[in-house]
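# Descriptive analysis of the structure
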Amino acid sequence: VGVVIQGGNAVAKPLQFTNNTVVQAVGDAIRLQGSASHVQLTNNIVTVGGGPAIRVEDNSQQGFASDYNLFHLTGTGTNAGGQPVKTVAVFERRP
């Protein structure tokens, strides 16, 4: 795992992970776990060779936001919940 974000944050003061470069050869590049609520990932560059670019555990989805991030996926690197997505149209139809 490249970056682990863990623990709660208040709605009024979200944790902002902004303007970073994360390079992960194998494994999760960014993982939210342990009830890491109200996390905002903004304007990051994420490169991953094998595994998900971002993994958000079920207990860490409250208040999660991700915008203006750039992903460079190589090998078996994935995004969109760890599932390969072939086109933007397919991604937009995902639940």
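Reading guide: rules and limits
- Residues numbered from 1 in each chain as written.
- Predicted model: local features only at pLDDT ≥ 70, side-chain atom pairs only at ≥ 80, totals over all residues.
- Heavy atoms only, no water.
- Helix = DSSP H or I, 4+ residues; strand = E, 2+ residues; numbered from the N terminus.
- Buried < 20%, exposed > 50% of the residue type's maximum accessible area, 1.4 Å probe, protein only.
- Contact = heavy atoms within 4.5 Å.
- Areas by Shrake-Rupley, 256 points an atom, 1.4 Å probe, with all protein chains shown as cover.
- Core = buried A, V, L, I, M, F, W, Y, C linked by side-chain atoms within 4.5 Å.
- Salt bridge = Lys/Arg side-chain N within 4 Å of Asp/Glu carboxyl O.

## Quick word on the overall build of the protein
Along its length, the protein carries one helix and nine strands. Helices and strands in the protein line up, N terminus first, as β-β-β-β-β-β-β-β-β-α. Taken across its 95 residues, the protein has 28% of its residues classed as buried. Contacts spanning at least 24 positions in sequence make up 73% of the contacts within the protein whose residues lie at least 6 apart. Of the roughly 5,800 Å² of accessible surface on the protein, a fraction of 52% belongs to carbon and sulfur atoms.

## What to know about the nonpolar core
Counting residues in each nonpolar core, the largest one holds 14 residues, and the members touching the most others are Ile5, Phe17, Ile30 and Leu41. Listed by contribution, the elements that provide at least two residues to this core are β1 (3-6), β4 (30-33), β5 (39-42) and β6 (45-52). Every residue in contact with Phe17, bar those within four places of it in the chain, is listed here: Val3, Ile5, Val22, Ile30, Gln40, Leu41, Thr42 and Asn44.

## Considering the pattern of salt bridges
Counting across every chain of the model gives two salt bridges. The salt bridge involving Asp28 is made with Arg31; its shortest N-O contact spans 2.7 Å. Here Arg55 and Asp28 are joined by a salt bridge, their closest N and O atoms 3.0 Å apart. With a gap of 27 residues between them, Arg55 in strand β7 (residues 54-56) and Asp28 in the loop between β3 (21-24) and β4 connect regions that are remote in the sequence. Taking relative accessible area as the criterion, Asp28 reaches 5% and is therefore assigned buried. Several salt bridges converge on common partners, so that one network encompasses Asp28, Arg31 and Arg55.

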